[in-house]
Amino acid sequence: MHIPKALDPVEAVKGAYPNAVLDVVQFRDETTLVIHPQEIVSVARFLRGTNGLIYNYLSDISSVDYFPDYNRPGRFGVCYHLLSMLYTRRIRLKVYLPEDEPVVPTVVNVWPAANWLEREIYDMMGIIFEGHPDLRRVLMPDDWDGHPLRRDAPLGYETVMFSFNVDEINKHKPYAQE
Amino acid sequence: MVAPIVKVEPVAIPDSMKQWEGSLEQLRGLVSERAMTGETMLLNMGPHHPSTHGVLRLLLELDGEQIVTCLPDVGYLHTGIEKSIESKSYEKAVPLTDRMDYLAPMSNNMVFALAVEKLTGLDVPERAQVIRVICLELTRINSHLVWLGTHALDMGAMSVFLYCFREREYLLDMFEMLSGQRLMGSYIRPGGVWRDLPAEFMPALERFINYFPGKVDDYEKILTNNPLWIDRTQGIGVIEPDEGIALGVSGPSLRASGVNWDIRKSQPYSGYEKYDFNVPLGEHGDVYDRFYVRILELRESLKIIQQAMKNVPGGAFRSTNRKFVPPPRAELGRSMEAVIHHFKLWTEGYAAPDQEVFVAIESPRGEIGCYLHGTGGNKPRRAHFKTPSFMHISALGKIAEGHMIADLVGIIGSVDIVLGDSDR
């Protein structure tokens, strides 16, 4: 079987989508391509289907919340960890999303494995994946209020009631009032 | 005396509670249209069904005994481990990782330790790497034994379960020698392992290595050529190679479909490139192949342990970088520096840069990945674990479609899921 020569993913993506790549970060032999959120699907399709790249396996999608320090382009980050089984290498795509509208197109049509991974991020971080076929909560109960892995969600315990937050707390406790 | 009849007043359900009640309308789009008219039956399997290996709920749409749709529902074992790690220093987060995949705690320790080491640039001595390999392979055998026992039990072969748990007992005794704990030892730590191998460990390992191959032969005698076992497993739950890769299936379940992908071989960590072992591959990707690949993996793991135990180098069992690893107790009485390091590490911990890393290793179930993002301080901003069971359960619906409900039990067993691993 003829295997095409491996291409440099950074140069290839920059050549094909010059406006999509916002930044390239190298840390401990890991390459991160910071991508414009609206371009993520086309870049993903390009990395998966181009000879010499073939990132055929989606290892992971993870999310990170930069609250409260805003020295990044957006509050939320979504990281796509891709793996090329043919060339045994990995790459990370990253998008930054703003706080008031954390929306990114889904990559379910590129890698079906993204289905539950995106559901988990929606559940935990409250990031909306546009076009996802089945965006329901997966780990938390369906009626859960809020998104627990955001940095401003409390770690646990009962919040202490003061006069300034009593209404807010009661709003989340429908049975305590009855 | 006759007890007085107490009349119970019906309790009014508050409106806010009524909206929680599920209705068929909520399932529109997830199940077929035939379920809406009642032509097919909706059946709830679990979350306390014994064959679901924990607390997995499956919503099945059945046409007679045939599965039309299978909707897995997880989260019953969600314990917020990722959230808890955000509030702990790196060293203190290690015991939490044990609790994810409770059948392979060392693999979880390992992936977290590797992520911390990569993030901070911490070194691991040679001796620790070899000890880690021995532990990881013992964990693999341990996990595969529980899998084999419960899988065979689901399919009606009860004796295998008892034999497997008998052999597992030896392994748990060895883990107790290492860490003082039978199940969740937190033995693998960032920078190496928690303590050196105790004197009684090597003889015990020697005994196990000599004793265990005969036992694998015994399991094979019961199952491999057993016509009942073959009838129930061959041709069931087939995963095509392309489909498996697309759905994120990994580990032995993917190798049973013939995909030659083992992270120990392709992206070696902890010195796996030094050992000579084969990667067993299946051909059909059915339940039987997944069973047989794991049986062969038991033997390959033994081979790795045999090579590793002959060449355990001397030296430190944990990094001597005192900014990350606390000094041994004996040093505290002699050295002021050691006291300062000890105090700093157990009160504050160590800092990691405001950067992100991703590490993936081959756990007994498949690819387990750890995404770790530092803050520049002593606690991580985010720790995310990509777990094989989560991916396998998400693929379950596709694999189970069109099968009989009795075969579903075999399929769940064969993809090897642990709900603690999936829900975290």
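Summarised in this report is the structure supplied together with it. Keep in mind that this is a model prediction, so the values were computed, not measured.

## Regarding the sheet that holds strand β6 (residues 356-363) of chain B
Residues and elements named next belong to chain B.
- Read across the sheet, 3 strands follow the order β6-β7-β8 without closing on themselves; strand pairing throughout is antiparallel. In the strand order of this sheet, the two ends are held by β6 and β8 (382-386), each with one partner. Neighbour-to-neighbour, the strand axes of the sheet open up by a mean angle of 15°, direction not taken into account.
- The sheet contact formed by β6 and strand β7 (residues 366-373) spans 8 bridges and is antiparallel. Note on β7: the bridge partner recorded for Ala 360 is Gly 369.
- Across the sheet, helix α5 (residues 105-120) touches β6 and β7, and the angle it forms with β6 is around 150°.

## Quick notes on the interface of chain A and chain B
- Every contact between the two is made by 30 residues of chain A and, on the other side, 36 residues of chain B.
- Elements that contribute at least two residues to the side of chain A that touches chain B include exactly β3 (57-65), β4 (76-84) and α3 (114-125) of chain A.
- Looking at which element gives the most residues to the side of chain A that touches chain B, the answer is β3(A), with 6 residues.

## So, the sheet that holds strand β1 (residues 41-45) of chain B
All names here are of chain B.
- Read from one edge of the open sheet, 3 strands run β1-β2-β3, paired in antiparallel fashion. Edge strands, defined here as strands with exactly one partner in the open sheet, are β1 and β3 (66-73). Averaged over all pairs of adjacent strands, the angle between strand axes in this sheet comes to 20°, irrespective of strand direction.
- By the bridge criterion, 5 bridges tie β1 to strand β2 (residues 57-63) in an arrangement that is antiparallel.

Procedures and definitions
Residues numbered from 1 in each chain as written. Chains lettered and ligands numbered in written order. Predicted model: local features only at pLDDT ≥ 70, side-chain atom pairs only at ≥ 80, totals over all residues. Pairing = 2+ DSSP bridges. Helix = DSSP H or I, 4+ residues; strand = E, 2+ residues; numbered from the N terminus. Axes fitted to C-alpha atoms, helices over the stretch in contact; angles between N-to-C directions. Contact = placed C-beta atoms within 7 Å.

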